Amino acid sequence: MRKNILLLILITALPVAGSFAQSVANANVYPSNLEENMYFKGFDSENKVITGINFIVLSDGDDSKMVTPAFTVKLYLYDGQNPIFIKTFEEDGIYHMGKKEYEDVEVSLADLDIVPGTYRLGIYVNADKSFEEDGSDNATLFKGDIKIE
């Protein structure tokens, strides 16, 4: 009798447990380009550290219960010709019509062999093209220069 009751509980609970599972579907992901959402506090040239990096990644979509597939977000330095990737974030996915905030991120450039010059900090969402979406809005640059000596 105990086994029958346990079996009955499991059978009735499985459909309910399944309803909490998230559906994964592609949606356009991109960085917010509003100045108040995307900034860094400074660059410590002596220690080669970019401080106080803040940005938001947004998602379009059709249903707020759905989640995008996993993707990468990369920070890079840009000299006007080529990006130099300096930090990668692995994102498990975000809800459609949702956002992911990154606050007070610090990135050390001390171990990187970067040629002296003036650069801009940039962000590239879904940088590894983990899933199909509109890639025309995936990259943008932060305001302000970073001078590496």
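Residues numbered from 1 in each chain as written. Predicted model: local features only at pLDDT ≥ 70, side-chain atom pairs only at ≥ 80, totals over all residues. Heavy atoms only, no water.

Draft legend 1. Looking closely at the confidence of the model for the protein chain. With 86% of its residues at a pLDDT of at least 70, the protein chain reaches an overall mean of 90. Throughout residues 12-20 the model reports pLDDT below 50, and contacts reaching past four residues in sequence, or to other chains, amount to zero contacts. (pLDDT = per-residue confidence, 0-100. Contact = heavy atoms within 4.5 Å.)

Draft legend 2. Inspection of the side chain of Ser 32 at higher detail. Topologically, Ser 32 is positioned in the loop between strand 2 (29-31) and strand 3 (42-44). We classify Ser 32 as buried; its relative accessible area is 5%. Here Leu 34 takes part through its backbone nitrogen, which lies 3.4 Å from a polar atom of the side chain of Ser 32. Sequence-distant contacts of Ser 32, that is, excluding residues within four places in its chain, are made with Asn 37, Met 38, Ile 56 and Leu 58. (Helix = DSSP H or I, 4+ residues; strand = E, 2+ residues; numbered from the N terminus. Buried < 20%, exposed > 50% of the residue type's maximum accessible area, 1.4 Å probe, protein only. Polar contact = N/O pair within 3.5 Å; in protein donor to acceptor, adjacent residues only side chain to side chain.)

Draft legend 3. Quick look at the packing of aromatic side chains. Under the defined criterion, the tally for this structure stands at nine aromatic pairs. Measuring from ring centre to ring centre gives 6.5 Å for Phe 85 and Tyr 124, while their planes differ by 25 degrees; the resulting arrangement is stacked. Here Phe 85 is found in strand 7 (residues 83-91), whereas its partner Tyr 124 is found in strand 9 (residues 117-125), with 39 residues between them in sequence. Put simply, the rings of Phe 40, Phe 55, Phe 89, Tyr 102 and Phe 142 pair up and form one aromatic cluster. (Phe/Tyr/Trp six-rings, centres within 6.5 Å; stacked < 30°, edge-to-face > 60°.)

Draft legend 4. Summary view of the environment of Lys 41. Mapping Lys 41 onto the fold places it in the loop between strand 2 and strand 3. Taking relative accessible area as the criterion, Lys 41 reaches 57% and is therefore assigned exposed. In contact with Lys 41, other than residues within four places in its own chain, are Thr 51, Gly 52, Asn 54 and Asp 104. In terms of polar contacts, Lys 41 uses its side chain to reach the side chain of Asp 104, at 3.0 Å.

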